[in-house]
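Chain by chain, the residues run as shown.
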Amino acid sequence: MGAMMFKRWLELKEGRSALIIGPRRCGKTTFLKSRFPGFKYATLDDFDYLDWAERDPKGLIASLGSNFIIDEIQRVPKLTVAVKFAVDNLNATAIMTGSSSIGLLDSAADTLAGRINLYSLPTACWGEENGPPQHNVFNDRADLKTLKEAARQLESAMTNGMFPEVVTAADSAAKSEILRNYRNTYFTRDILQMANLENREGLYAIFQNLCRSIGSHLEVSNFAREASLSMPSAKKYLNTLQMSELTFRLYGWQFGPAKRYIKAAKTYFADNGIIQAFAIKVSEGQVLENFVIAELEKRRKLGFIKAEQFFYYKTPSGKEIDLVFAADGVIHAVEVKAAKAPSAKDLSAVRDFVRSSEQPARGFVFYLGESYEEVDGVTLIPVAALYTAR
């Protein structure tokens, strides 16, 4: 199986133009060329197409006919105006990709509202290379065979992440080399170019501080000081990483029993491979927490988890719940524990949240054990159950 040549779980609506947002190297191009083999293809990573798009956007679109793919359209957001003309007047079907939403989503929303479907394509979900999803992570129970296979693969998945090229690489040395290459190109050079930034050392320092602060509140003033950047610069770097789909944020859940506003956000990496690429030492608990929350965020982006957004929660006594979200009329409270046998204390924050919730609520703890358990109204789910789950 060649790199990135497995069937992805993203489903597109037939006959509709679309914009697909996802990080560099998540497999957008391979996915679309496989899905739409008859469509003409142009990428704005090619200087000739980029120059044409900037000088004569309407001419470029006209050259592509009525069914076409445009890769990396965020490089020339105004091209969406020419796409709108083709969709409206020429009955064209346009499939566009962007690896950054910088300037793109506003432009697309203004010019293509109601004409296109917007999708996210994250890096691969754990187990996606093995075929369609097999079970619902919160409502079903994975079979023992799946859990055993997942347990064998967990360490590699948590360490190397799920960029498709990494998933299909032959061995751990090849995976590490791919991630080092990504670090030097897509995670740094491209980010600097995209946001018109110049301080490579500052960006490295931001990555290092983000790795060390996984699971903690994001205090921009601390980041700025430790990275020797001004506050506005630190904010710009952090926002650029989020808009480039390399990180995502959880804000405080305001509707829990405490009913209070929590200003500070937490930032997670969209894929654990980014942590590995920078070779930064983080705790086992942080690696596991990022892995589980990123895997759930991928499923949210793909529409398997019907939540508008993910949050975290802080109780009045200062205890935290890693993840809280509303889906299908139920509040889900989720903790991640790097333990094979969580203690009663490990379950207490989730248990108390569920008991005191005014809305229907369910509590879950992802842990390193091998079986599903029910304790004090809290469901313990093996981390291995994420494998091949939707």
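Details of the structure are given in the entry above.
Residues numbered from 1 in each chain as written. Predicted model: local features only at pLDDT ≥ 70, side-chain atom pairs only at ≥ 80, totals over all residues. Heavy atoms only, no water.

Draft legend 1. Representation of the packing of aromatic side chains in the model. What the rule picks out here adds up to 20 aromatic pairs. Judged by centre distance (6.0 Å) and plane angle (75°), the ring pair of F138 and F366 falls under edge-to-face. Of this pair, F138 sits in the loop between strand 5 (116-120) and helix 6 (144-160) while F366 sits in strand 11 (residues 361-367), and the two are 228 residues apart along the sequence. Accessibility assignment for this pair places F138 and F366 in one class, buried. Plain terms: the ring middles of F207 and F278 are 4.1 Å apart, the flat faces sit at 20° to each other, and that makes the pair stacked. Of the two residues, F207 sits in helix 10 (residues 200-212) while F278 sits in the loop between helix 13 (272-277) and helix 14 (284-301), which places them 71 residues apart along the sequence. Note on F207: relative accessible area 0%, which makes it buried. Chaining the aromatic ring pairs together yields one cluster made of F163, Y182, Y186, F187, Y204, F207, F269 and F278. Note that R300 overlies the ring of F310, its terminal NZ or CZ placed 5.8 Å from the centroid. (Phe/Tyr/Trp six-rings, centres within 6.5 Å; stacked < 30°, edge-to-face > 60°. Helix = DSSP H or I, 4+ residues; strand = E, 2+ residues; numbered from the N terminus. Buried < 20%, exposed > 50% of the residue type's maximum accessible area, 1.4 Å probe, protein only. Lys NZ or Arg CZ within 6 Å of the ring centre and 35° of its normal.)

Draft legend 2. How the structure looks around unusual backbone geometry. Residue E245 is not a glycine yet carries a positive backbone phi of 65°. Mapping E245 onto the fold places it in the loop between helix 12 (231-243) and strand 6 (247-252). One non-glycine residue, A279, adopts positive backbone phi at about 50°. Residue position: A279 is located in the loop between helix 13 and helix 14. Owing to a relative accessible area of 66%, A279 belongs among the exposed residues under this scheme.

Draft legend 3. Seen up close, the sheet that holds strand 10 (residues 330-336). If you trace the eight strands from one edge of the open sheet to the other, you get 7-6-8-9-10-11-13-12, paired in mixed fashion. With one partner strand each, in any of the chains shown, strand 7 (266-269) and strand 12 (373-375) form the two edges of the open sheet. Across this sheet, the average inter-strand angle for adjacent strands is 35°, counted without regard to direction. Strand direction decides the pairing type here: strand 12 and strand 13 (residues 378-382), joined by three bridges, are antiparallel. Bridge pairing in strand 13 places E374 opposite T379. (Pairing = 2+ DSSP bridges. Axes fitted to C-alpha atoms, helices over the stretch in contact; angles between N-to-C directions.)

Draft legend 4. A look at helix 10. The terminal C-alpha atoms of helix 10, which comprises 13 residues, lie 19 Å apart, in line with the 18 Å expected from a rise of 1.5 Å per residue. All of the buried residues in helix 10 are G202, L203, A205, I206, F207, N209, L210 and C211. Among the residues of helix 10, the N-terminal cap falls to N199, whose side-chain oxygen and the backbone nitrogen of E201 are separated by 3.2 Å. (Expected span 1.5 Å × (residues − 1). Polar contact = N/O pair within 3.5 Å; in protein donor to acceptor, adjacent residues only side chain to side chain.)

Draft legend 5. Region of the structure containing the nonpolar core. F138, F187, I206, L296 and F366 are the most contacted members of the largest nonpolar core, which totals 80 residues. Examining the composition of this core, we find that seven residues originate from one element, helix 14, more than from any other. In this structure F138 touches L296, I305, F325, H332, V334, R362, F364, F366 and I381, once residues within four positions along its chain are discounted. Membership of the second largest hydrophobic core comes to 23 residues, among which are I70, I73, V76 and A86. (Core = buried A, V, L, I, M, F, W, Y, C linked by side-chain atoms within 4.5 Å. Contact = heavy atoms within 4.5 Å.)

Draft legend 6. Here's a closer look at the pairing of strand 6. The buried fraction of strand 6 is high, at five of six residues. Here strand 6 pairs with strand 7 via four bridges, running antiparallel. Of the residues in strand 7, the one forming a bridge with L250 is K266. Relative to strand 8 (residues 311-314), strand 6 runs parallel, the two sharing two bridges. Note that in strand 8 the partner of Y251 across the bridge is F311.

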